[in-house]
Amino acid sequence: ANAFRLLEKYRGRYCTFNDDIQGTAAVAVAGLLASLRLTGNKLADNTFVFQGAGEASLGIAELCVMAMKAEGVSEEEARSRIWMVDSKGLIVRNRPEGGLNEHKEKFAKDCPPIRTLEEVVNTAKPSVLIGAAAIRGAFTPAILRAMADNNPRPVIFALSNPTSKAECTAEEAYANTDERAIFASGSPFPEYRTKDGRVLRPGQGNNSYIFPGLALGILCAGLVDVSEDFMLLAAEALAEIVSEDDLDHGSLYPPLKDIQNCSVKIAKKIVDHAYETGKAQVQPQPLDTEEFIRAQMYCAKYQPALPPVYSWPCDTAPRVDLV
């Protein structure tokens with residue numbers, strides 16, 4: 001309940017960001033940007049429905065607005081493409097049930113109240129469905145089939161964790177969309193083998209892709225004002241790392257084993273942008289940004305102080321007989 005209040009209170013004056021709001025947003029938007037290489041669309045060509053309107057969903061929605069504005073659409077147009085559903089139904093103006101704060105009001109629709117997610121999906125006909133409300137099974141087979149009926153490649157993000165809280169499993173998403181879904185999750189799911197023998201590896205949109213690299217860049221540049229443009233840069237950097245092989249296997253994120261290199265590439269974008277915008281406090285600007293970043297990183301691979309093997313005394317050495 002305090003996340004937005006504390007972020008707004010201290011941002012610009014202290015070196016701080018909120019991972020639940022901003023880190024989650026960046027990793028989700030990175031997945032959405034990567035999905036565009038499969039759908040062939042721009043982000044602003046999509047209609048988004050969110051199941052949940054808490055800190056995570058609102059953070060993702062706001063960063064989506066920022067990304068769509070970067071593509072050239074107005075803020076009003078960007079917000080009109082986002083539909084949000086909370087525990088009381090679709091967020092609409094003057095909702096009889098109430099429950100709207102200033103952050104939700106920005107996404108309120110001018111239409112009659114709609115109570116269920118399925119009705120919202122059938123009304124809005126979204127191309128992107130995002131869940132972050134920790135309600136297991138919220139993406140029912142009927143909702144998933146509706147997504148498939150309305151889109152050649154429906155984008156479905158079941159971001160709640162742990163696995164027991166996921167809106168749907170990877171298998172459910174693929175099986176109910178004729179295996180056409182572009183799927184990502186907040187929890188790990190096993191590989192899925194399609195009817196034609198392909199193996200899909202659902203990507204896990206984990207915040208660990210973002211916050212270590214973001215924090216590394218912030219520290220290396222000496223940033224105090226961590227503004228939203230850095231979050232979008234982090235999302236863009238992560239999306240660029242996703243390979244064609246990752247996409248061919250249904251993953252919108254690089255393998256987690258490459259997390260350290262991901263962090264370095266994200267940090268490089270952050271540091272370069274900090275100097276371009278005059279926000280960097282570390283001077284002078286390094287000549288080689290990546291080399292400078294790697295030099296600041298801890299490495300636990302130390303040289304041993306003692307030899308790993310001691311030589312055994314030779315035959316001429318004194319002998320000690322035990323009595």
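Residues numbered from 1 in each chain as written. Predicted model: local features only at pLDDT ≥ 70, side-chain atom pairs only at ≥ 80, totals over all residues. Heavy atoms only, no water.

**Q** What's the story with the overall build of the chain in this structure? I'm lost.
**A** Scanning the chain from N- to C-terminus turns up 13 helices and nine strands. The dimensions of the chain, computed from C-alpha atoms along their principal axes, are 95 × 50 × 40 Å. Of all intrachain contacts in the chain linking residues separated by at least 6 positions in sequence, the fraction that spans at least 24 positions is 70%. Carbon and sulfur atoms provide 52% of the accessible area of the chain, an area that totals close to 16500 Å². (Helix = DSSP H or I, 4+ residues; strand = E, 2+ residues; numbered from the N terminus. Contact = heavy atoms within 4.5 Å. Areas by Shrake-Rupley, 256 points an atom, 1.4 Å probe, with all protein chains shown as cover.)

**Q** Could you clarify how one ought to interpret the pairing of strand β5 (residues 155–158) in this entry?
**A** Strand residues, when the strand is regular, have side chains that alternate between the two faces of the sheet. Every second residue of β5 is oriented toward a common face, with Val155 and Phe157 on one face and Ile156 and Ala158 on the other, all of them buried. Note: strand β4 (residues 128–131) against β5, four bridges, orientation parallel. Note that in β5 the partner of Val128 across the bridge is Val155. Once the chain exits β4 it traverses helix α7 (residues 141–150) before rejoining the sheet at β5, and the crossover so formed is right-handed. (Buried < 20%, exposed > 50% of the residue type's maximum accessible area, 1.4 Å probe, protein only. Pairing = 2+ DSSP bridges. Right-handed = clockwise from strand over helix to strand, strands pointing away.)

**Q** Explanation requested: the UniProt feature "domain: Malic enzyme NAD-binding" (unreviewed entry) in the chain in the structure shown.
**A** Per the UniProt record, "domain: Malic enzyme NAD-binding" (unreviewed entry) is found at residues 21–275. The straight-line gap between the two end C-alpha atoms of residues 21–275 is 25 Å; of that span, 45% is helix and 11% is strand. (UniProt positions renumbered as here; feature names shortened; annotations may be inferred.)

**Q** Sorry, what's going on with the UniProt feature "binding site: a divalent metal cation" (unreviewed entry) in the chain here?
**A** UniProt feature "binding site: a divalent metal cation" (unreviewed entry): in the numbering of this structure it lies at Asp20. By secondary structure assignment, the location of Asp20 is in helix α2 (residues 19–39). Those residues in contact with Asp20, other than ones at most four positions away along the chain, are Glu55 and Ala56.

**Q** So what exactly am I meant to see when it comes to the environment of Gly99 here?
**A** Tracing the chain through its elements places Gly99 in the loop between β3 (89–90) and α5 (102–105). Put simply, Gly99 and Leu247 are 148 residues apart on the chain and 39 Å apart in space, counted from C-alpha to C-alpha. Contacts of Gly99, omitting those with residues within four sequence positions, involve Asp86, Lys88 and Lys104.

**Q** Just checking my understanding: could you explain the pairing of strand β6 (residues 182–185) for this structure?
**A** Where burial is concerned, the two faces of β6 agree: the one with Ile182 and Ala184 and the one with Phe183 and Ser185 are both buried. By the bridge criterion, four bridges tie β5 to β6 in an arrangement that is parallel. Bridging from a neighbouring strand, Ala158 pairs with Ser185 of β6. For the segment spanning β5, helix α8 (residues 170–175) and β6, crossover handedness is right-handed. With two bridges joining them, β6 and strand β9 (residues 203–204) adopt parallel strand pairing. Across the sheet, the residue bridging to Ser185 is Gln204, located in β9.

**Q** When you look at unusual backbone geometry in this model, what are you seeing that I'm missing?
**A** Excluding glycine, most residues fall at negative phi; most peptide bonds, likewise, are trans. The omega torsion of the bond from Asn161 to Pro162 falls at 5 degrees, within 30 degrees of zero and hence cis. For Pro162, the position within the fold is in the loop between β5 and α8. Here the residue pair Gln283 and Pro284 is connected by a cis peptide bond, since its omega of 0 degrees sits within 30 degrees of zero. Non-glycine residue Asn94 carries a positive phi angle of around 55 degrees. Checked against the element boundaries, Asn94 lands in the loop between β3 and α5.

**Q** Is there a simple way to think about α2 in this case?
**A** Since there are 3.6 residues in each turn of an α-helix, residues three or four apart along the chain are aligned in direction. Here α2 spans 28 Å end to end across 21 residues, near enough to the 30 Å set by a 1.5 Å rise per residue. Buried residues dominate α2, accounting for 16 of its 21 residues. Two or three places before Asp20, at the opening of α2, Asn18 has a side-chain oxygen 2.9 Å from that residue's backbone nitrogen. Looking one or two residues past α2, Gly40 carries a phi angle of roughly 75 degrees, positive in sign. (Expected span 1.5 Å × (residues − 1). Polar contact = N/O pair within 3.5 Å; in protein donor to acceptor, adjacent residues only side chain to side chain.)

**Q** Whenever I open this one, the packing of aromatic side chains confuses me. Can you help?
**A** Given two aromatic rings, one states the distance between the centres and the angle between the planes to describe the pair. Taken as a whole and assessed by the stated rule, the structure comprises five aromatic pairs. Ring centres 6.0 Å apart and planes at 65 degrees place the aromatic pair Tyr174 and Phe183 in the edge-to-face group. Residue Tyr174 shares its accessibility class with Phe183, and that shared class is buried. One aromatic cluster in this structure is built from Tyr174, Phe183, Phe189 and Tyr192. The ring of Phe107 has Arg79 sitting right over it, with the charged end atom 4.9 Å from the ring centre. (Phe/Tyr/Trp six-rings, centres within 6.5 Å; stacked < 30°, edge-to-face > 60°. Lys NZ or Arg CZ within 6 Å of the ring centre and 35° of its normal.)

**Q** Explain the environment of Ala108 here, please?
**A** With respect to the secondary-structure elements, Ala108 resides in the loop between α5 and α6 (117–124). Looking at Ala108, the relative accessible area reads 7%, which means it is buried. It is 8.9 Å that separates the C-alpha atoms of Ala108 and Asn94, two residues lying 14 residues apart in sequence. If we skip the residues at most four places from it in the chain, Ala108 touches Ile91, Val92 and Arg93.

**Q** Could you clarify how one ought to interpret the pattern of salt bridges in this entry?
**A** When the charged atoms of two side chains with opposite charge come close together, those side chains can pair. Under the defined criterion, the tally for this structure stands at 18 salt bridges. For Asp86, the salt bridge is made with Arg95, and the minimal N-O distance between the two is 2.9 Å. Arg95 matches Asp86 in its accessibility class, with the two residues each being buried. Between Glu290 and Arg294 there is a salt bridge, with the nearest N and O atoms lying 3.3 Å from each other. Taken as a pair, Glu290 and Arg294 lie in helix α13 (residues 289–296) at a separation of four residues, close to a single helical turn. Relative accessible area serves as the criterion here: at 37%, Arg294 is assigned to the partly exposed category. Among the charged side chains, a network of salt bridges with common partners joins Glu62, Lys69, Glu75 and Arg79. (Salt bridge = Lys/Arg side-chain N within 4 Å of Asp/Glu carboxyl O.)

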